[in-house]
Amino acid sequence: METATLLLIGRQVNRPVHILPQVGRKMLEFLDDLPLPMVDIRKHCVCERCTECLCETCETWQRIQANTFSNKTEIKSKYVLLRRYDTSLVTKHLLEMSKMYKAYLKTAIVSQVQDYLQQFKHSGAVEYVGVHVRRTDYPAFFNHHFQVVNPVDERFFIYCMNHFRSRFDRVKFFVTSDDLTWCEEKLSGQPDVYFPKLNTNTTNTPQQDFIMLSQMNHSIFDYGTFGYWTAALAGGITMVATNYSKKKHQSEAAIINWSPKTWIKVDIQQLLKTNQSINQLSLISLN
């Protein structure tokens, strides 16, 4: 999200932009190459916690919040360090950004994923739906900062799966998560639900899960930038949770206001208020 924000703001204000080395190194775990050059650490201090850069080889950076930066921002230094990111700006240009990133995905993992998916292609045309479930860290983070009142649980995922089952004749769901034990307990039991394993003796790496989801036709995710970007890269129809907390995270607000027309926002508060059984959830109209 930071890099897309940087690229878009740089374009708006006609300034050259570079990625922080720590960001670039993380991105290269998922990409074969970077869409932007990295800052030269031989010339600039880019440590994240400095309040004022005092390095002999570096000029002082002016630090500005990304979501407040514009053509009218007063620039006092030759070098500007954008802090955080602007989800609304990125979401407005999501199709363009996702097309760019998809061209850089690690080709070795893309090939590994495509080899895995070959086993499902012999039976004719089928729609692949990637499902990302974020559980271990995000719920606690959201509850602390945004006061979650409608926790996203299995009912959201089952509702979305039933929506795709009713929409397409043949569909298969591929579930990834940081808590597969919960997913296998709550979402298994249907012959069209799979928990892909790309390695023989170990669980998938985050990079494998990310690229697996990016190769799907459609997506389901609850929250978080991991699911956001894999859904954007996959294209097709995306079903995403909304209205689960008293305060809106900037990502949720951006999705509600600026997401592509093919993104279906599922109101969690309305979903959880229904008295429908799990198997009847596909009958609820939430959009």
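Residues numbered from 1 in each chain as written. Predicted model: local features only at pLDDT ≥ 70, side-chain atom pairs only at ≥ 80, totals over all residues. Heavy atoms only, no water.

Caption draft 1: Here's a closer look at the overall build of the protein chain. When helices and strands are counted, the protein chain shows 12 helices and 8 strands. For the protein chain, the computed accessible surface area is about 15100 Å², with 49% contributed by carbon and sulfur atoms. (Helix = DSSP H or I, 4+ residues; strand = E, 2+ residues; numbered from the N terminus. Areas by Shrake-Rupley, 256 points an atom, 1.4 Å probe, with all protein chains shown as cover.)

Caption draft 2: Structural view of the packing of aromatic side chains. Inspection of every chain in the model, using the stated rule, returns 16 aromatic pairs. Arranged with centres 5.9 Å apart and planes meeting at 80°, the rings of Phe221 and Trp263 form a pair that is edge-to-face. Here Phe221, found in strand S6 (residues 218-221), pairs with Trp263, found in strand S8 (residues 263-267); they are 42 residues apart in sequence, far enough to count as distant. Comparing Phe221 with Trp263 shows no difference in burial state: the two are buried. In this structure, Lys92 is placed above the aromatic ring of Trp258, and the distance from its NZ or CZ to the ring centre is 4.2 Å. (Phe/Tyr/Trp six-rings, centres within 6.5 Å; stacked < 30°, edge-to-face > 60°. Buried < 20%, exposed > 50% of the residue type's maximum accessible area, 1.4 Å probe, protein only. Lys NZ or Arg CZ within 6 Å of the ring centre and 35° of its normal.)

Caption draft 3: Just the nonpolar core, in detail. Counting 52 residues, the largest nonpolar core has Leu82, Leu117, Phe210, Tyr228, Trp229 and Trp263 as its most contacted members. For this core, the elements supplying multiple residues, two or more each, are helix H1 (2-13), strand S2 (79-83), helix H3 (87-92), helix H4 (94-102), helix H5 (107-117), helix H9 (206-214) and helix H10 (225-234). At 7 residues, the largest contribution of residues to this core is made by H10. Among all residues touching Tyr228, those that are not within four sequence positions of it are Met1, Thr87, Val90, Thr91, Leu94, Phe221, Ile255 and Trp263. (Core = buried A, V, L, I, M, F, W, Y, C linked by side-chain atoms within 4.5 Å. Contact = heavy atoms within 4.5 Å.)

Caption draft 4: Examining the side chain of Asp222 more closely. Mapped onto the elements, Asp222 comes out in the loop between S6 and H10. Buried charge without a partner: Asp222 forms no salt bridge, and the closest opposite charge is Arg135, 7.0 Å away. In terms of polar contacts, Asp222 uses its side chain to reach the backbone amide nitrogen of Arg134, at 3.1 Å. Sequence-distant contacts of Asp222, that is, excluding residues within four places in its chain, are made with His132, Val133, Arg134, Val152, Phe156, Phe157, Val240, Ala241 and Tyr244. (Lys, Arg positive; Asp, Glu negative; His and termini not counted. Salt bridge = Lys/Arg side-chain N within 4 Å of Asp/Glu carboxyl O. Polar contact = N/O pair within 3.5 Å; in protein donor to acceptor, adjacent residues only side chain to side chain.)

Caption draft 5: Region of the structure containing the sheet that holds strand S4 (residues 171-177). Ordered in space as S5-S4-S3-S6-S7-S8, the 6 strands form an open sheet in which the pairing is parallel. Across the chains shown, the open sheet's two edge strands, defined by having one partner strand only, are strand S5 (193-194) and S8. One ladder, built from 3 bridges, connects S6 with strand S7 (residues 238-242); its direction is parallel. Directly across from Ile220, in S7, lies its bridge partner Met239. (Pairing = 2+ DSSP bridges.)

Caption draft 6: A look at the confidence of the model for the protein chain. On average, residues of the protein chain score 87 in pLDDT, and 89% of them are at 70 or above. Per-element confidence in the protein chain is highest for S6, whose mean pLDDT is 98, and lowest for helix H6 (residues 138-146), whose mean pLDDT is 74. Residue range residues 283-287 is modelled with pLDDT below 50. Its contacts to residues more than four positions away, or to other chains, number 14 contacts. (pLDDT = per-residue confidence, 0-100.)

Caption draft 7: Focus on unusual backbone geometry. Positive phi, close to 55°, is recorded for Asn14, a residue that is not glycine. Tracing the chain through its elements places Asn14 in the loop between H1 and helix H2 (21-27). In this structure Asn14 comes out as exposed when scored by relative accessible area, which is 70%.

Caption draft 8: How the structure looks around the packing of H4 against H10. Between H4 and H10, whose axes approach to 8 Å, the crossing angle comes to 85°. The orientation of H4 relative to H10 falls into the category roughly perpendicular. Seen from H4, the contacting residues are Leu94, Met97, Ser98, Tyr101 and Lys102; seen from H10, they are Tyr228, Trp229, Ala232, Leu233 and Ala234. Taken together, the residues that form the contact of H4 with H10 break down as 8 nonpolar, 1 polar and 1 charged. (Axes fitted to C-alpha atoms, helices over the stretch in contact; angles between N-to-C directions. Parallel < 35°, antiparallel > 145°, perpendicular 65-115°, else oblique. Nonpolar A, V, L, I, M, F, W, Y, C, P; charged D, E, K, R; others polar.)

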